[in-house]
Amino acid sequence: MKELNIHIIGLGNLGKAFLNGFLNTNSSDFKNYFCYETNIQLAKQIENNYNIEVKTDIDIIDSGILLLCIKPQVVNEFLQSNKSKVREDVLICSPVAGLSIDHISRTLSNKVIRVMPNLLIENNNGFIPYTKNYEGDYLNFIEKNLQKLGTVKEFDESIFPLITALSGSGPAWFYELSSQLVKVGSELGLSEENSELVVKELVKSLPGLISDNESFSALVSKVKSPKGTTEAGLNSLELDSFDKIIYNAINKATNRSIEISKELESE
Ligand SMILES: NC(=O)c1ccc[n+]([C@@H]2O[C@H](COP(=O)([O-])OP(=O)(O)OC[C@H]3O[C@@H](n4cnc5c(N)ncnc54)[C@H](OP(=O)(O)O)[C@@H]3O)[C@@H](O)[C@H]2O)c1
């Protein structure tokens, strides 16, 4: 079967992660990837590192996928200035936080799949929640492309703000916790370098300890023993309302996603 042409708009954090993930599964064959980036310095860097042409503007796109990896703040402008260049057969794939399918459909009558991946798609180990406005697997995009980047699961679009906070932003919660652990480690006696090493090794070991049929709370119980060190630390977290801190952060991130949608609607 003929490979799909994939047009990636924006090669920042997520656009590059998509490109890397796709290329890992396609033996570094660039012929089906078309890249667009307005940041000239970044475009040059990608051209040099990947030996691929990067353009600033799209030409007529009449088939394949348009993957929208730009910030919410510039998405309306992109849609308005390029609507006449995107033909009806093109599938629009949007990971843009807060951008609803309805909003895209007001400008383009194309089929749209909205996704909220995290950066682990770069190593084909991501999680890709999606929702779409068409039946079946148009162009086999889900089976032939998205599934190669990690685990995919369909959700109702109404839950996307929470999915965005939990999963899209998810790596940041763990990076921030890890960064705080490194800081404490060096404040309490380790060199910064050793503290970073200890926490990195810890985080790297976690995937091997997590299994599909064991809950995270069960895993916590496995590490803690009565009157032990872990229990002392966990009690301190409870006293300092760790649960409330996490609840507030996820709630704030979810509400921000809803706010972005409203801002996009009112532009
Ligand atoms: N990063 C994540 O983990 C993640 C996860 C899930 C979803 N998302 C979503 O993915 C989108 C991109 O996020 P990001 O973190 O990759 O942002 P980013 O690092 O800022 O990358 C976006 C890139 O697109 C460029 N750009 C802007 N307008 C363009 C245009 N018309 N044509 C071509 N390139 C253009 C930007 O250039 P300038 O800097 O010059 O504007 C920038 O280099 C956002 O909507 C975000 O909500 C991100």
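Residues numbered from 1 in each chain as written. Predicted model: local features only at pLDDT ≥ 70, side-chain atom pairs only at ≥ 80, totals over all residues. Heavy atoms only, no water.

1. A look at the packing of aromatic side chains
Tallying each qualifying case throughout the model produces three aromatic pairs. Measuring from ring centre to ring centre gives 5.9 Å for Phe22 and Tyr33, while their planes differ by 15 degrees; the resulting arrangement is stacked. Taken together, the positions of Phe22 in helix α1 (residues 13–25) and Tyr33 in strand β2 (residues 33–36) put the pair 11 residues apart, joining distant regions of the chain. Look at Phe22 and you get buried, because its relative accessible area is 1%. A ring pair is formed by Tyr134 and Tyr138, whose centres lie 6.2 Å apart and whose planes are at 70 degrees; its orientation type is edge-to-face. Given the relative accessible area of 8%, Tyr134 is considered buried. An aromatic cluster is built from Phe18, Phe22 and Tyr33, whose rings are joined through pairwise contacts. Sitting above the plane of the Tyr134 ring, Lys132 keeps its charged end 5.0 Å from the centroid. Above the face of the Phe155 ring, Lys153 is positioned so that its terminal group lies 5.7 Å from the ring centre. (Phe/Tyr/Trp six-rings, centres within 6.5 Å; stacked < 30°, edge-to-face > 60°. Helix = DSSP H or I, 4+ residues; strand = E, 2+ residues; numbered from the N terminus. Buried < 20%, exposed > 50% of the residue type's maximum accessible area, 1.4 Å probe, protein only. Lys NZ or Arg CZ within 6 Å of the ring centre and 35° of its normal.)

2. Comments concerning the domain arrangement of the protein chain
Split into domains, the protein chain comes out as domain 1 (6–158) and domain 2 (170–260). The distance between the C-alpha centroids of domain 1 and domain 2 comes to 32 Å. (Domains from an automatic or database assignment.)

3. Quick notes on the nonpolar core
Where a protein is soluble and globular, its nonpolar side chains tend to be buried together. Core analysis: the biggest nonpolar cluster contains 34 residues, and Ile6, Phe18, Leu67, Ile113, Val115, Phe141 and Leu146 have the highest contact counts within it. At six residues, the largest contribution of residues to this core is made by α1. The contact partners of Leu67, leaving out residues within four places of it in the chain, are Ile6, His7, Ile8, Ile9, Phe18, Phe22 and Cys93. Ile9, Tyr36, Ile61 and Ile92 belong to the second-largest nonpolar core, a separate cluster that totals 21 residues. (Core = buried A, V, L, I, M, F, W, Y, C linked by side-chain atoms within 4.5 Å. Contact = heavy atoms within 4.5 Å.)

4. Some points on unusual backbone geometry
In this structure, Asn124 takes a positive phi of about 60 degrees despite not being glycine. The exposure class assigned to Asn124 is partly exposed, which follows from its relative accessible area of 23%. A positive phi angle, near 60 degrees, is found at Lys227, a position not held by glycine. On the secondary structure map, Lys227 appears in the loop between α9 (216–223) and α10 (229–239).

5. Observations regarding the site of the ligand
Taken together, 22 residues lie near the ligand, and Asn13, Leu14, Glu37, Ile70 and Ala97 sit nearest. Between the ligand and Glu37 there is a distance of 2.8 Å, counted from an oxygen atom to a side-chain nitrogen or oxygen. A distance of 3.2 Å is found between a nitrogen atom of the ligand and a side-chain nitrogen or oxygen belonging to Thr38. Summarising the interface, the protein chains cover 77% of the accessible area of the ligand, which totals 890 Å² for the free molecule. Contributing elements (two or more residues each) for the shell around the ligand: α1 and α3 (72–82). No other element matches α3, which puts three residues into the shell around the ligand. (Near = heavy atom within 4 Å. Polar contact = N/O pair within 3.5 Å; in protein donor to acceptor, adjacent residues only side chain to side chain. Areas by Shrake-Rupley, 256 points an atom, 1.4 Å probe, with all protein chains shown as cover.)

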